[in-house]
Amino acid sequence: MYHQVVIIGAGPVGGRLATELASRGISTLMIEEHAEIGRPFQCAGLVNPPAMNMVNLHETILQDIDGAIIHSPSGIAVPVGQDGKTRTHVVCRKRFDQGVVAQAMSAGAHLWLLSKPIDATVTQNGVNLKIQREGETVDITCDLLVGADGAHSWTRRHFRLGRPKEMMIGFQADVSGLTGKSNWLEMYTGSEVAPGLFAWVIPSGNNTHRIGVWSRPQDLDGRSVEQCYDTLLSHPLWREKFADVKEIARYCGPVPCGVIQKPFKDRVMVIGDAAGMAKPTTGGGIGPGFRQVESIIEKLVKSIVSGRLSASDLATVCKPFKTFRKEQDRARALRDLLVSTPDDETLDSHFEMFNRPEVLDLINREGDIEHPVPLGMTLLRKVPAFRKLALKAGFKLLFA
Ligand SMILES: Cc1cc2nc3c(=O)[nH]c(=O)nc-3n(C[C@H](O)[C@H](O)[C@H](O)COP(=O)(O)OP(=O)(O)OC[C@H]3O[C@@H](n4cnc5c(N)ncnc54)[C@H](O)[C@@H]3O)c2cc1C
């Protein structure tokens, strides 16, 4: 059996690539190890408007979000956003993933469920794959193999393509029993509840919420993210708010942030979480994965059609990834400076600054979660109390 492209993993990024390839006439097969698309899911389900507009799956939206209330370690609350102005959407991940993969199939791509690769070898003429499909071994050849197989990517490991710069750990529970504004999410910071990063409470429609925490392993100091979640729920500042919470489900997963140096080899490449595309500031990986597909698709199709799929051909195709890596490095440097490395006391003093009307105004005017670096730099330049950090930031960004 032969296909021009085989994509391992039918998640949102693999599905998106399959749609773009198949709609340009490239024969494409998606290989998915699970029995259904979108399960199990490990995601807060935030999809920003540009990513949503690419796939037009608005029917999967559970809740629009207009803003965020961000809490400092001692409880200083900074509201960012404006009622009536949607900043992001909360989706049903299962329906969203299924929608993306259905678009690929409508465009002509094929899907094998309950299937996974057990071996792959690259020859001069193509890639020979052994796929385990519902207990049987099937041989397939293709011109190009794409790993869109998530954070623990088999493709990335099999072809020794390296590791993403950071591998965060996320934990989340779906709950009922919380009250509050249905169109604002909340974020919690501090060494006790989310060392180095933040915890979140996201309304997900129908009186349900998603409560989660993510952190860098080096900041956890032997604790688990699950323990941080327990600490948030029983924290003296917040326990009253969480008193009636009833859990519906809980899950834990990795968030790879930092595009690997060479996400390709002869006739092989990786994208999405497999390549380390998630944002170091929010952990979001769907929008960045879609942008990654959009950035390469025209050149990739030309390479497939002309049979130019060597490592150096794919290096040319994947050139935009360098910009993504640079953006991630700069965002990470600012995140570390403003959020990840300060102790709780310093973080509180940052929040006091953020909470001033003129600073809030600046954040609301210039804040763009897609591009946090310009806002960070403006804050450092314009807010007098941050100026001492500006020089440090300059150096960090210079070497990021
Ligand atoms: C707790 C948590 C919260 C998050 N919240 C958000 C959020 O709100 N917004 C956001 O944008 N991102 C969020 N993310 C990140 C987001 O889930 C990922 O970035 C996104 O799913 C990446 O898509 P992908 O298609 O690259 O990989 P995945 O969604 O991981 O899809 C990979 C697919 O490949 C399949 N697969 C894996 N290995 C194999 C194999 N060997 N053979 C066959 N199939 C295989 C899997 O079953 C899966 O279907 C969150 C992550 C976590 C852990």
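Sequence order as written defines residue numbering, which begins from 1 separately in each chain. Local features in a predicted model are, by the rule used here, given only for residues with pLDDT of at least 70; side-chain atom pairs are given and counted only at 80 or more, and totals for whole chains, interfaces and linings are based on all residues.

Engineer: Even after reading the chapter, I still don't get the overall build of the protein chain, so can you show me in this structure?
Structural biologist: Per the secondary structure count, the protein chain includes 14 helices and 18 strands. Only C-alpha atoms enter the radius of gyration; for comparison, a globular chain is expected to reach 2.2 Å times N to the power 0.38, where N is the number of residues. For 400 residues, the compact-globule estimate of 2.2 N^0.38 gives 21 Å, and the protein chain sits close to it at 22 Å. Taken over the C-alpha atoms alone, the protein chain extends approximately 60 × 45 × 40 Å along its principal axes. Residues classed as buried in the protein chain amount to 45% of the 400 residues present. Look at the contacts in the protein chain between residues 6 or more apart in sequence, and 69% of them connect residues 24 or more apart. Under the scheme used here, helices are H or I runs from DSSP no shorter than 4 residues and strands are E runs no shorter than 2 residues, and both carry numbers assigned from the N terminus. Burial is judged by counting other C-beta atoms within 10 Å of a residue's own C-beta: 20 or more means buried, 12 or fewer means exposed, and anything between counts as partly exposed, with every C-beta placed from the backbone. For every residue pair, C-beta atoms are placed from the backbone, and the pair is scored as a contact if these atoms sit within 7 Å.

Engineer: Could you clarify how one ought to interpret the site of the ligand in this entry?
Structural biologist: We count a residue as near a molecule or strand when its backbone-placed C-beta atom lies within 6 Å of that partner. The local shell around the ligand holds 36 residues, among which Gly9, Gly11, Gly150, Gly272 and Gly285 are the closest. Class assignment for the residues of the shell around the ligand results in 14 nonpolar, 17 polar and 5 charged. Boundary definitions for the domains trace back to an automatic or database domain assignment. Two domains each donate at least three residues to the shell around the ligand, and these are domain 1 (2–44 + 93–165 + 257–325) and domain 2 (63–90 + 166–256). Ten residue types, Ala, Val, Leu, Ile, Met, Phe, Trp, Tyr, Cys and Pro, are classed as nonpolar, four, Asp, Glu, Lys and Arg, as charged, and the remainder, Gly among them, as polar.

Engineer: Explain the domain arrangement of the protein chain to me, please; I cannot follow it from the model alone.
Structural biologist: You'll often see interface size given as the accessible area lost when the parts meet. The domain boundaries assigned to the protein chain delineate domain 1 (2–44 + 93–165 + 257–325), domain 2 (63–90 + 166–256) and domain 3 (328–399). For domain 1 versus domain 3, the distance between C-alpha centres works out to 35 Å. Across the side of domain 1 that touches domain 3, the residue classes break down as 4 nonpolar, 3 polar and 2 charged.

Engineer: Before we go on, may I ask you to explain the pairing of strand β10 (residues 127–133) in this structure?
Structural biologist: The two faces of the sheet receive side chains in turn, since in a regular strand these alternate between them. Here strand β9 (residues 115–122) runs beside β10; their pairing, made up of 7 bridges, is antiparallel. Bridge pairing in β10 links Pro117 to Ile131. Two strands qualify as a pair provided DSSP detects at least 2 bridges between them. If you look at the hairpin formed by β9 and β10, you'll find 4 residues sitting between the two strands. The sheet contact formed by β10 and strand β11 (residues 136–147) spans 7 bridges and is antiparallel. Counterpart to Val127 in the pairing with β11 is Cys142. In sequence, β10 turns back onto β11 through a hairpin of 2 residues, with Glu134 there showing a positive phi of about 45°.

Engineer: Teacher, can you tell me more about the sheet that holds strand β4 (residues 61–65) here?
Structural biologist: Strand-to-strand pairing in sheets goes through backbone hydrogen bonds, with the strands running parallel or antiparallel. One open sheet holds the 3 strands; their spatial order is β3-β7-β4, and the pairing between them is antiparallel. Of all strands in the sheet, those bounded by a partner on one side alone are β3 (46–47) and β4. Looking at chain direction, β3 and strand β7 (residues 88–91) are connected through 2 bridges and run antiparallel. Within the sheet, the bridge partner assigned to Leu46 lies in β7 and is Val90.

Engineer: Would you explain the packing of helix α1 (residues 12–22) against helix α8 (residues 286–306) in this entry?
Structural biologist: Each pair of packed helices gets described by two things: the angle between the helix axes and the distance between those axes. Each axis is a line fitted through C-alpha atoms, and for a helix only the stretch in contact is used; angles between axes span 0 to 180 degrees, taken between their N-to-C directions. With their axes 9 Å apart at the nearest point, α1 and α8 run at an angle of 30° to one another. Here α1 is positioned roughly parallel relative to α8, judged by the angle of their axes. As α1 runs across α8, the sense of the crossing is right-handed. Along its contact with α1, which presents Pro12, Val13, Arg16, Leu17, Glu20 and Leu21, the element α8 presents Ile286, Gly289, Phe290, Val293, Ile297 and Val301. With respect to orientation, any angle under 35 degrees is reported as roughly parallel, any angle over 145 as roughly antiparallel, any angle of 65 to 115 as roughly perpendicular, and every other angle as oblique. Left-handed is the label given to a crossing in which the near helix is rotated counterclockwise from the far helix by less than a right angle, and right-handed is the label when the rotation is clockwise.

Engineer: Sorry, what's going on with helix α6 (residues 225–234) here?
Structural biologist: Along an α-helix, residues three or four positions apart point the same way, because every turn accommodates 3.6 residues. Of all the positions in α6, only Val225, Cys228, Tyr229 and Leu232 are classed as buried. Buried residues of α6, seen end-on, are gathered within an arc of 100° and therefore sit on one face of the element. At its buried positions, α6 is contacted by β12 (166–176), β13 (184–190), β14 (194–203), β15 (208–215) and β16 (246–257). The directions considered for the arc are those from the helix axis to the C-beta atoms.

Engineer: Explain the sheet that holds β16 here, please?
Structural biologist: Reading across the sheet, the 7 strands line up as β6-β5-β13-β14-β15-β12-β16 and stay open at both edges, with mixed pairing between neighbours. Sheet topology places β6 (77–81) and β16 at the edges, where each strand pairs with a single neighbour. Recorded for the sheet is a direction-independent mean angle of 20° between the axes of neighbouring strands. For β12 and β15, the ladder comprises 8 bridges, and the chain directions are antiparallel. Residue pairing across strands places Gly170 opposite Trp214, the latter belonging to β15. α6 rests against β12, β13, β14, β15 and β16 of the sheet, and its axis sits at about 125° to β15.

Engineer: How should the packing of α8 against helix α10 (residues 320–340) be read in this particular structure?
Structural biologist: Close contact between α8 and α10 brings their axes to 9 Å; oriented N to C, the two are set at 150°. As far as their axial angle goes, α10 and α8 are roughly antiparallel. In this structure, α8 uses Pro288, Gln292, Ser295 and Ile296 to contact α10, whose residues at the interface are Pro320, Phe321 and Phe324. Here the contact of α8 with α10 is built from residues that sort into 5 nonpolar, 2 polar and no charged.

Engineer: Help me understand the pairing of β13 in this model?
Structural biologist: Taking burial as the measure, the 7 residues of β13 include 5 buried ones, the bulk of the element. Here 4 bridges tie β13 to β14, and the two strands are oriented antiparallel to one another. Looking at the pairing, Met187 lines up with Trp200 of β14. Here β13 hands over to β14 after 3 residues, the two strands then running antiparallel side by side.

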